[in-house]
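In case you want the letters, here they are:
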Amino acid sequence: MTTRFARIAALSLGLFAAIGAEAAMACAGRPTVWDISLGAAVSDLPTGFGDYACGSNGGPPGRPLQGFGDYLQCNPDQRGWHEVYFRYDDEEEFVARALEQQRRIAMCEGTQVFGIPVVASVLLDEGGTVQGIRIVSDPRGTEPAQRDDHWALGNMLRRHFPGDWECSPLALGPGSTPVGSFQPDQECVLSADGVEMTIRQHYHHRIGQAFVDDFDVVQPGLFVSDAYFEMIRK
Amino acid sequence: MIVRSRKTRSMVSLPAPVRCLGLAIVLCAAVANAGAREVTADRLLHARDEPQNWLMHLGSYDGARYSGLDAINAETVSQLVELYSVPLGGLLQGGGSFQDALPISPLVEDGFLYIVDGNGRVNKLDAHRRGAVVWRNDAGQRDLDSWLEPSRGLAFHGDYVIATSADGHLHWIDKETGETARSVAIGDPTEGYTIVAPPLVAGDRIIVGGGGFDRGAAGRIDAIDAETGDHLWRVDTLAEGGAPGPIGGGTIFQTGVYDPATGLTVWGTGAPVPRFAPFAGDAGASRSNSAIAIDVETGAVRWHFQYVPGSDPNGFSEAGTHQLAALDGADPVLMHFGNNGYAYALDMADGSLRSATGHVLGPLWPGVDPLDGRPETGEGGGLDTAWANRADCPNILGDPAYVAAFSPRTGLAYGAGADGCLTENLPVIKTYSAPGWLGAYYAGAAGNLGMLSAIDPQTGALVAQRLFDFPVHGGALATAGGLVFAMTAEGTLHALDEETLEPVWSRKFGSLAPIPPVTFEVDGQQRIAIVVGGNAFTPDLSYRPPEMGISEPIFVLVVLGLRS
């Protein structure tokens, strides 16, 4: 147990430090979701994000906010936590896109985790203490050829936080079918010493969805591919 | 011989019509039997002794992509024409197949071609009959995730064609019937694992390289018992222990080489993931972007050589092929044309650096570290900082996974790829035909030119170099006819002199080819076979000169031969 705690603690700290170093190298210190520490006070959260709004459990942003400090304007969830949505500073990305600078685009691109666009949010309790962070793959403006990898964000997060993840398959809804010969839909939980991480990932066809429809017309975008990650204090 | 004696007896005792029928049957049987020869370990070991065939993905264990056929040579190549073509599927990207040609190369045995198509199906084609389909096997490809690429090639073992499928399985397909005899899972696709590299049969085992670049699965190399399908060993292509480090990558995209003398197989590994933004430095990625030498018998890693550090933020990938350049009286040298702009020669025995020669143009690194072979900046800064702030040449789109060639005739290794820089740096490079030409433009890159370099592995000397107006996206084929074949992005296949790299023949197909041709012999005639069609770079073209206007999304195997 000590080892697991040490690993998670080290991972959290080491990861944040390492990612911070990379961010400094790539995008002049632009903050990322990994710069938000569990247990931090809202007043200590990093600045430099943008488009603050009330979160919707990984969905689109709600009421616009001026910053994390306005968290009480967001309705609390069942746990009494307020979800604040935010985005990374994307000014450098716009410049890079205008100049067609592929490497700079890749290093500074939008709100992404491991190359996957995400909806990021922080969960604050009534007193303004960070209780969790949430990362959900963001399908907005994503081509099918990239969206098909969104479920794999869960794979990368599990590799990034190694441990004894307990995984159980998620049943497909009525009429849903696997996209391929395998079905990665599952929920995985890693819990140790005050931190619990949950990953849910889906990759399937909903009822009526197929890559080729009944008229032999290609429908390359008709599939569900997403990942949901939450890291909370326990 | 047995078939012939039966034929003789039948012809004596039967009336004429029946004799004809019997003769036809016997001839068919003879042809079928000719294609049914067992591909033994000894035949694979001496694959170059069968120049009429192309028995493994890279031609032979040394990865040379060299053919001993010489009927097509500098004197005769002007008579080279298209004989026939075979459309290969598919046209439904995202619907179970790919619309563009993929870097898939055929195997050839006794006039029969075995090739994977865009749908991932394995096809047997009869080159005696203009590529007629003998059988088509899709058992391993049904219900696959259609966003995954099919394997780039096949292997032979005994009476079987060894194929992989994108869901991480290995298949034994009967060469004669096309039936799947056995399937074995190598990796877990729910963890992102897939296979695109053709397998390598070495003795009694099948070596499989895989991984899941964008899906997080770490690269790995597995050995499978060719007779039983049992798993023998596995090597992780990222650091031992795994974390903390990259969350994926080290993916295998190309087949490894095998040195029977040392019992080592060497595979090139790709970049760590996430590309462009590794966050954990070298710690967890000491085997990414490397050559890994593995003892085929035990699976022990004897040595590895990292071309690009795991902390590289530039996105280089060293997943391209290696060539074991072994000449009489000389030490075997392992060659690799690096995506980082250097052509490396390593000592095969221990992986030590012999030479690193710049093989691209434009602003390059000031040099390489004589000890670890990594490019230097000359700025005296730390490696990570230096790599982050380096110039943007060579282009990362240069030659990430192309196949190079080695000719034992000339003793030269031939690396063909794209040259140029990212748009952060736009030098004007002159080609022979168009001074000031910047090449075809790619999104995020410019000044892309085609480039073919000939390097002496023993000395590291750049002996010859040829620039083309358009990038080379395939690699090279060398032949005993004194020619080197390469194809440029606007769809022109070039045959060049093996010493000077001067073009001696070219033919425009009007569509890209993502892999160099193979050559074989059927009915006593030398043939050239090449896959043409759009390729993965087509959507990246932000500016297409008129010459590239017909890079259509097709996937066709074209077979050429000398005009009779």
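The structure under discussion appears in the preceding block.
Residues numbered from 1 in each chain as written. Chains lettered and ligands numbered in written order. Predicted model: local features only at pLDDT ≥ 70, side-chain atom pairs only at ≥ 80, totals over all residues. Heavy atoms only, no water.

Draft legend 1. Structural context of the overall build of chain B. Counting its regular elements, chain B contains four helices and 39 strands. Every one of the 564 residues in chain B was classed for burial, and the buried ones make up 63%. Of all intrachain contacts in chain B linking residues separated by at least 6 positions in sequence, the fraction that spans at least 24 positions is 60%. Approximately 18,500 Å² of chain B is accessible, and the part contributed by carbon and sulfur atoms is 52%. (Helix = DSSP H or I, 4+ residues; strand = E, 2+ residues; numbered from the N terminus. Buried < 20%, exposed > 50% of the residue type's maximum accessible area, 1.4 Å probe, protein only. Contact = heavy atoms within 4.5 Å. Areas by Shrake-Rupley, 256 points an atom, 1.4 Å probe, with all protein chains shown as cover.)

Draft legend 2. Structural context of the state of the cysteines. Residue and element names in this part refer to chain A. Enumeration according to the criterion identifies two disulfides over all chains in this entry. In this model, Cys54 is linked to Cys74 through a disulfide, with the two sulfur atoms separated by 2.1 Å. Across the S-S bond linking Cys54 and Cys74, the dihedral sits near -90 degrees, which makes this disulfide left-handed. Pair noted here: Cys54 is in strand β1 (residues 50-54) and Cys74 is in the loop between β1 and β2 (82-87), with a separation of 20 residues, a long-range link. Looking at Cys74, the relative accessible area reads 2%, which means it is buried. (Disulfide = S-S within 2.5 Å.)

Draft legend 3. Up close: the side chain of A:Asp148. Position of A:Asp148 relative to the elements: it lies in the loop between α4 (144-147) and α5 (153-160). A residue is classified by how much of its surface remains accessible, and A:Asp148, at 2% relative accessible area, is buried. At 2.7 Å, the side chain of A:Asp148 and the side chain of B:Arg215 are in polar contact. The contacts of A:Asp148, once residues within four sequence positions are left out, are A:Tyr203, A:Phe223, A:Ser225, B:Trp147 and B:Arg215. (Polar contact = N/O pair within 3.5 Å; in protein donor to acceptor, adjacent residues only side chain to side chain.)

Draft legend 4. Here's a closer look at the sheet that holds strand β24 (residues 353-358) of chain B. All names here are of chain B. Read from one edge to the other, the open sheet built from four strands follows the order β21-β22-β23-β24, with strand pairing classed as antiparallel. At either margin of the open sheet sits one strand with a lone partner, and together these are β21 (323-325) and β24. Sheet twist, expressed as the average angle between the axes of neighbouring strands with direction ignored, equals 25 degrees. As defined by bridge partners, strand β23 (residues 342-347) adjoins β24 across five bridges and the pair is classed as antiparallel. Its bridge partner lying in β24, Ala343 is registered against Thr357. (Pairing = 2+ DSSP bridges. Axes fitted to C-alpha atoms, helices over the stretch in contact; angles between N-to-C directions.)

Draft legend 5. Structural view of unusual backbone geometry. In this structure, A:Asp193 takes a positive phi of about 50 degrees despite not being glycine. Along the chain, the position of A:Asp193 falls in the loop between β8 (186-192) and β9 (195-205). With relative accessibility at 37%, the residue A:Asp193 sits in the partly exposed group. A positive phi is found at B:Arg65, a non-glycine position, where the angle reads about 45 degrees. By the element assignment, B:Arg65 lies in the loop between α3 (41-45) and β1 (66-67).

Draft legend 6. Seen up close, the nonpolar core. One finds B:Ile206, B:Phe485 and B:Leu557 to be the most contacted residues of the largest nonpolar core, which totals 82 residues. Setting aside its immediate chain neighbours within four residues, B:Leu557 contacts B:Tyr84, B:Ser85, B:Val86, B:Leu88, B:Leu113, B:Ile115, B:Leu125, B:Ala529, B:Ile530 and B:Val531. (Core = buried A, V, L, I, M, F, W, Y, C linked by side-chain atoms within 4.5 Å.)

Draft legend 7. Molecular detail of the pairing of strand β4 (residues 112-116) of chain B. Residue and element names in this part refer to chain B. Across the five residues that make up β4, a large majority, five, are buried. Burial along β4 is two-sided: Phe112, Tyr114 and Val116 facing one way and Leu113 and Ile115 facing the other are all buried. Pairing analysis gives three bridges linking strand β3 (residues 107-109) to β4, with the strands arranged antiparallel. Bridge assignment links Glu109 to a residue of β4, and that residue is Phe112. Connecting β3 to the antiparallel partner β4 that follows it, the hairpin turn spans two residues, and Asp110 within it adopts a positive phi of roughly 50 degrees.

Draft legend 8. Representation of the pattern of salt bridges. Residues and elements named next belong to chain B. Using the criterion set out here, one finds 27 salt bridges over all chains in the structure. Close ionic contact of Glu176 with Lys124 constitutes a salt bridge, the shortest N to O distance being 3.4 Å. Here Glu176 is found in the loop between β9 (169-174) and β10 (180-185), whereas its partner Lys124 is found in strand β5 (residues 122-126), with 52 residues between them in sequence. When the shortest N-O distance is used, the salt bridge between Arg205 and Glu297 registers 3.6 Å. Residue Arg205 is located in strand β12 (residues 205-212), and its partner Glu297 is located in the loop between β19 (290-295) and β20 (301-306); the two are separated by 92 residues in the primary sequence. In this structure Arg205 comes out as buried when scored by relative accessible area, which is 8%. By relative accessible area, Glu297 is classed as exposed at 55%. Sharing partners across several salt bridges, the network here consists of Arg37, Arg43, Glu50, Glu109, Asp110 and Lys175. (Salt bridge = Lys/Arg side-chain N within 4 Å of Asp/Glu carboxyl O.)

Draft legend 9. Here's a closer look at the sheet that holds β9(B). All names here are of chain B. Reading across from one edge, β7-β8-β9-β10 is the order of the four strands in this open sheet, with antiparallel pairing throughout. Of all strands in the sheet, those with a lone pairing partner are β7 (155-157) and β10, marking the two edges. This sheet shows a mean twist of 30 degrees between the axes of neighbouring strands, independent of strand direction. Where β9 lies against β10, five bridges are found, and the strand directions are antiparallel. Paired with His169 across the strands is Ala185, a residue of β10.

Draft legend 10. Just the environment of B:Ser67, in detail. Residue and element names in this part refer to chain B. Of note, Ser67 is situated in strand β1. Expressed as a C-alpha distance, the spacing of Ser67 and Gln52, which sit 15 residues apart in the sequence, is 8.5 Å. Contact partners of Ser67, with chain neighbours within four places excluded, come to Pro51, Trp54, Ala478, Thr479, Ala480 and Thr519. Within polar-contact distance, the side chain of Ser67 engages the backbone nitrogen of Leu69 at 3.1 Å.

Draft legend 11. Looking closely at the side chain of B:Thr194. All names here are of chain B. Take Thr194: it is sitting in the loop between β10 and β11 (200-202). In terms of polar contacts, Thr194 uses its side chain to reach the backbone carbonyl oxygen of Ala166, at 2.6 Å. Once residues lying within four places of it in the same chain are set aside, the contact partners of Thr194 are Leu148, Ala166, Gly210 and Gly211.

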